[in-house]
Amino acid sequence: MPARRRVLTYGCCSEPYPDVTFTLLLRRRAAAYVCNLLLPCVLISLLAPLAFHLPADSGEKVSLGVTVLLALTVFQLLLAESMPPAESVPLIGKYYMATMTMVTFSTALTILIMNLHYCGPSARPVPAWARALLLGRLARGLCVRERGEPCGQSRPPESPPSPQPPEGGAGLPASPCCEPQCLCHQEALLHHVATIANTFRSHRAAQRRHEDWKRLARVMDRFFLGIFFSMALVMSLLVLVQAL
């Protein structure tokens, strides 16, 4: 406890008047707040980025983000009741607001990624820039690969479709064939086979487009998982260091 002694002399009196000034440094003990309010918030905030790691088919990605946001809201109300009113926002209050903002953004990004994942077979193909940048370089850097594909190696580009067989007998020889069992006499059969082949090619191309969108969603999940987990870890460490 620092103290300072002063001797003052007033004009009305000849005797000096000594006084001693004591300075009290009061600091709130943060152990109770760290154990009851800060550590649960840190653990909950570290759960929020794991929504990007959940499979999209589980149906729990958005539910996890909303649950974490509700839990942080409850802790924010408990903090407001236990802390004395003041003009400035305390450090733990700033941490709660920053964490809730981060969880809100992660939930919104999860919804956008879910839309990418559930693009149906009728969706348009992945743009060329996204295929080159996200499905190419970023996927290799994050080791997002398909089953049976080694890490760091992207999927080879699609081969162009093979030429379709002629329909309606187009391209058949003009001269009559002498073989009674030759396919040139079965134009209806050739037409049906060509229709089935075209339908199969269209279905396969639609499935490939759907798989490309799903792979793009996995790449975005892995990318945002690393970003938000790093942000949550850095914020938590900074607040714990300053509190302790």
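Since the model is a prediction, treat every value here as computed from it, not as a measurement. (Residues numbered from 1 in each chain as written. Predicted model: local features only at pLDDT ≥ 70, side-chain atom pairs only at ≥ 80, totals over all residues. Heavy atoms only, no water.)

(A) Layout of a nonpolar patch on the surface. Judged by side-chain polarity, L8, Y10 and Y17 come together as a nonpolar surface patch covering roughly 290 Å² of accessible area. Mapping Y17 onto the fold places it in strand β2 (residues 17-22). The partly exposed category is assigned to Y17, whose relative accessible area is 40%. (Patch = residues over 30% accessible without salt bridge, like charges linked within 9 Å, V, L, I, M, F, W, Y side chains within 5 Å. Areas by Shrake-Rupley, 256 points an atom, 1.4 Å probe, with all protein chains shown as cover. Salt bridge = Lys/Arg side-chain N within 4 Å of Asp/Glu carboxyl O. Helix = DSSP H or I, 4+ residues; strand = E, 2+ residues; numbered from the N terminus. Buried < 20%, exposed > 50% of the residue type's maximum accessible area, 1.4 Å probe, protein only.)

(B) Summary view of the side chain of D221. As for its position among the elements, D221 is in helix α5 (residues 187-243). According to the relative accessible area criterion, D221 is buried, its value standing at 8%. Beyond its immediate stretch of four places on either side in the chain, D221 contacts F52, K61 and I113. (Contact = heavy atoms within 4.5 Å.)

(C) Inspection of the side chain of S45 at higher detail. Structurally, S45 can be placed in helix α1 (residues 31-47). Within polar-contact distance, the side chain of S45 engages the side chain of Y95 at 3.4 Å. Filtering out sequence-adjacent residues up to four positions away, S45 remains in contact with Y95, T99, M102, A232 and S236. (Polar contact = N/O pair within 3.5 Å; in protein donor to acceptor, adjacent residues only side chain to side chain.)

(D) Looking closely at the environment of L91. Along the chain, the position of L91 falls in helix α3 (residues 91-117). Between the C-alpha atom of L91 and that of Q242, which follows or precedes it by 151 residues, the distance is 8.8 Å. With near-sequence residues (within four places) excluded, L91 lies in contact with V239 and Q242.

(E) Geometry of the pattern of salt bridges. All chains considered together, the criterion is met by three salt bridges. Among the salt bridges present, the one from D212 reaches R131, with a minimum N-O distance of 3.1 Å. With D212 in helix α5 and R131 in helix α4 (residues 128-142), this pair connects stretches of sequence that are 81 residues apart. With a relative accessible area of 32%, R131 lands in the partly exposed category.

(F) Region of the structure containing the UniProt feature "transmembrane region" (unreviewed entry) in the protein chain. UniProt's entry tags residues 30-52, 64-83, 95-114 and 223-243 with the feature "transmembrane region" (unreviewed entry), counted in the numbering of this structure. Taken end to end, residues 30-52 has its terminal C-alpha atoms 33 Å apart, with 74% of it in helix and 0% in strand. For residues 64-83, helix accounts for 95% and strand for 0%, while the C-alpha atoms at its two ends are 28 Å apart. (UniProt positions renumbered as here; feature names shortened; annotations may be inferred.)

(G) Here's a closer look at the packing of α1 against helix α2 (residues 61-82). Here α1 crosses α2 at 165 degrees, and the two axes come no closer than 10 Å. Between α1 and α2, the angle is such that the two are roughly antiparallel. α2 is crossed by α1, and the crossing has left-handed handedness. Every residue of α2 that contacts α1 at Y33, N36, L37, P40, C41, I44 and L47 is listed here: L64, V68, A71, L72, F75, L78, L79 and S82. When its residues are assigned to classes, the contact of α1 with α2 shows 13 nonpolar, two polar and no charged. (Axes fitted to C-alpha atoms, helices over the stretch in contact; angles between N-to-C directions. Parallel < 35°, antiparallel > 145°, perpendicular 65-115°, else oblique. Left-handed = near helix turned anticlockwise from the far one by under 90°. Nonpolar A, V, L, I, M, F, W, Y, C, P; charged D, E, K, R; others polar.)

(H) Layout of the packing of α2 against α3. Packing of α2 against α3 brings their axes to within 9 Å, and their N-to-C directions diverge by 165 degrees. In terms of orientation, α2 lies roughly antiparallel with respect to α3. Considering the relative orientation of α2 and α3, their crossing is left-handed. The residues of α3 that touch α2, namely those facing K61, V62, G65, V66, V68, L69, L72, T73, F75, Q76 and L79, are I92, G93, Y96, T99, M100, V103, T104, T107, T110, I111 and M114. Across the contact of α2 with α3, the residue classes break down as 13 nonpolar, eight polar and one charged.

(I) The arrangement of the confidence of the model for the protein chain in detail. Chain-level statistics for the protein chain give a pLDDT mean of 77 and a share of 81% at 70 or above. In the model, residues 159-163 has pLDDT below 50 throughout and makes two contacts with residues more than four positions away in sequence or in other chains. (pLDDT = per-residue confidence, 0-100.)

(J) Here's a closer look at α1. Taking 1.5 Å per residue, 17 residues should reach 24 Å; α1 reaches 23 Å between its end C-alpha atoms and fits that length. A maximum bend of about 40 degrees is found in α1 at L38, where proline P40 lies one to four positions downstream. Within α1, burial applies to Y33, V34, L37, L38, C41, V42, I44 and S45. (Expected span 1.5 Å × (residues − 1). Bend = angle between axes of the 7 residues up to and from the residue.)

(K) Inspection of the environment of L79 at higher detail. Along the chain, L79 falls in helix α2. For L79, a relative accessible area of 3% gives the class buried. Between the C-alpha atom of L79 and that of G93, which follows or precedes it by 14 residues, the distance is 7.7 Å. If near-sequence neighbours (up to four positions away) are discounted, L79 is found in contact with L37, I92, G93 and Y96.

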